[in-house]
Amino acid sequence: SMAPRKKLQGLVAATVTPMTPDGQINLSVIRQYVDYLVSKQNVKNIFVNGTTGEGLALSIQERKQLAEEWVRQGKDKLDHVIIHVGALSLPGSQELARHAAAIGASGIAVIAPFFFKPTSKDELLAFLREVASEAPAVPFYYYHIPPLTGVKIRVEELLDGIKEQIPTFQGVKFSDTDLLDLAQCINKNGGEEFVFLYGVDEQLLSALAIGANGAVGSTYNYLGQKTNMMLQAFAQHDLALARKYQFLTGEFLNFVIKLGFGVAQTKAVMTFVSGIPMGPPRLPLVKASEEFIAKAKAKLDSIDGK
Ligand SMILES: CC(=O)N[C@@H]([C@@H](O)[C@H](O)[C@H](O)CO)[C@@H](O)CC(=O)C(=O)O
């Protein structure tokens, strides 16, 4: 297994799921994808089958195959391979958690179930606990993404006493703009035990300022190098330089968000940046337009080298 030598920190790429033109998962390019992340973006951690990976649009079987291939190809090349195992059904999620443990994943993450939703901290915690306990030796992360799940239970509240319920609890992937909630989490639990990975790429610098340990996001697939420069500048207390990089990546994101930006568009951007064919997204998502691709490419070229 790839039991991590060090705590998760820095950048984590939320990988897209490569697909063939006819919409099957395409395992054959994952090796190349890993090499690209390490050599071109200097990103050595990945988050598999999450939002960007269309995890909730894949079958359980596909999710297992993908997890296996990412772990296999990441061996000796990546530091952390986190597998998202959240699902609408508890048994589905548990099955994925057991599988991730068996293949040697370095961590698992779970979103709140979002069809029947937990309405209180205790309900959410009970669900998470029942998944985490299926992988009792694997670090567990809660994946907080209220804009997509609609589950708005504050993380500050969730974390209160969580270690007693979930001994493997390791941290939070925080994909929300509520920086007060994040700050309170860090204020109460940061420093020593838990890690906080921020998930709104366009405002990562603000999260670093209040103590986030790193970030998980879609843009680290192709803006990893620039974002690493930002992290480095921040670590050296050069705020002006850190801002320069946040503004640069923000310039690109602000531009594409106005055009309509989601997983389909990320797959298209990754295809032209990496040269690896990521294929179309799966329905209900539809592939990015040629017009989007041309505009995004021109914009990215214009910030490149800056
Ligand atoms: C809603 C959404 O997809 N958010 C992304 C961000 O990386 C996002 O793409 C980026 O901030 C651009 O808006 C991540 O938080 C999601 C993520 O890490 C994942 O794929 O699991």
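Calculation criteria
- Residues numbered from 1 in each chain as written.
- Predicted model: local features only at pLDDT ≥ 70, side-chain atom pairs only at ≥ 80, totals over all residues.
- Heavy atoms only, no water.
- Helix = DSSP H or I, 4+ residues; strand = E, 2+ residues; numbered from the N terminus.
- Expected span 1.5 Å × (residues − 1).
- Buried < 20%, exposed > 50% of the residue type's maximum accessible area, 1.4 Å probe, protein only.
- Arc of directions from axis to C-beta.
- Contact = heavy atoms within 4.5 Å.
- Axes fitted to C-alpha atoms, helices over the stretch in contact; angles between N-to-C directions.
- Parallel < 35°, antiparallel > 145°, perpendicular 65-115°, else oblique.
- Left-handed = near helix turned anticlockwise from the far one by under 90°.
- Nonpolar A, V, L, I, M, F, W, Y, C, P; charged D, E, K, R; others polar.
- Near = heavy atom within 4 Å.
- Polar contact = N/O pair within 3.5 Å; in protein donor to acceptor, adjacent residues only side chain to side chain.
- Areas by Shrake-Rupley, 256 points an atom, 1.4 Å probe, with all protein chains shown as cover.
- Phe/Tyr/Trp six-rings, centres within 6.5 Å; stacked < 30°, edge-to-face > 60°.
- Lys NZ or Arg CZ within 6 Å of the ring centre and 35° of its normal.

(A) Spatial organisation of helix H1 (residues 30–41). With twelve residues, H1 ought to run about 16 Å at 1.5 Å a step, and its terminal C-alpha atoms sit 15 Å apart, in line with that. Within the span of H1, buried status applies to Ile30, Tyr33, Val34, Tyr36, Leu37 and Gln41. Viewed along the axis of H1, the buried residues span an arc of 160°, placing them on a single side of the element. Seen from the buried face of H1, the exposed residues on the opposite side, beyond 90 degrees, are Ser39 and Lys40. Looking at the buried residues of H1, the elements they touch are strand S1 (10–14), strand S2 (45–48), helix H2 (60–74), helix H10 (224–235) and helix H12 (263–274).

(B) Up close: the packing of helix H11 (residues 239–259) against helix H13 (residues 290–303). Contact geometry for H11 and H13: axes closest at 10 Å, N-to-C directions at 165°. The angle between H11 and H13 falls in the class roughly antiparallel. Handedness of the crossing formed by H11 with H13: right-handed. Listed contacts from H13 to Leu248, Glu251, Phe252, Phe255, Val256 and Leu259 of H11 are Phe292, Lys295, Ala296, Lys299, Leu300 and Ile303. Here the residues of the contact of H11 with H13 are counted per class, giving nine nonpolar, no polar and three charged.

(C) Spotlight on the site of the ligand. Every one of the 17 residues lining the ligand counts as a neighbour, but Thr52, Tyr143, Lys173, Gly199 and Glu202 are closest to it. Contact between the ligand and Asp201: an oxygen atom at 3.0 Å from a main-chain N or O atom of the residue. Here Glu202 contributes a side-chain N or O atom positioned 2.5 Å from an oxygen atom of the ligand. When isolated, the ligand has an accessible area of 500 Å², and the protein chains bury 84% of it. When its residues are assigned to classes, the shell around the ligand shows seven nonpolar, seven polar and three charged.

(D) Quick peek at the packing of aromatic side chains. Going through the model one piece at a time under the given rule, you end up with seven aromatic pairs. The ring centre of Phe47 lies 4.7 Å from the NZ or CZ of Lys173, which sits over that ring. Here Lys244 stacks its cationic end above the ring of Tyr245, 5.2 Å away from the centre of that ring.

(E) Representation of the environment of Gly53 within the structure. Summarising the element assignment, Gly53 is placed in the loop between S2 and H2. Considering only alpha carbons, one finds Gly53 and Leu66, 13 residues apart in sequence, at a separation of 9.9 Å. Setting aside anything within four residues of it in sequence, one finds Gly53 in contact with Thr15, Val16, Thr17 and Leu58.

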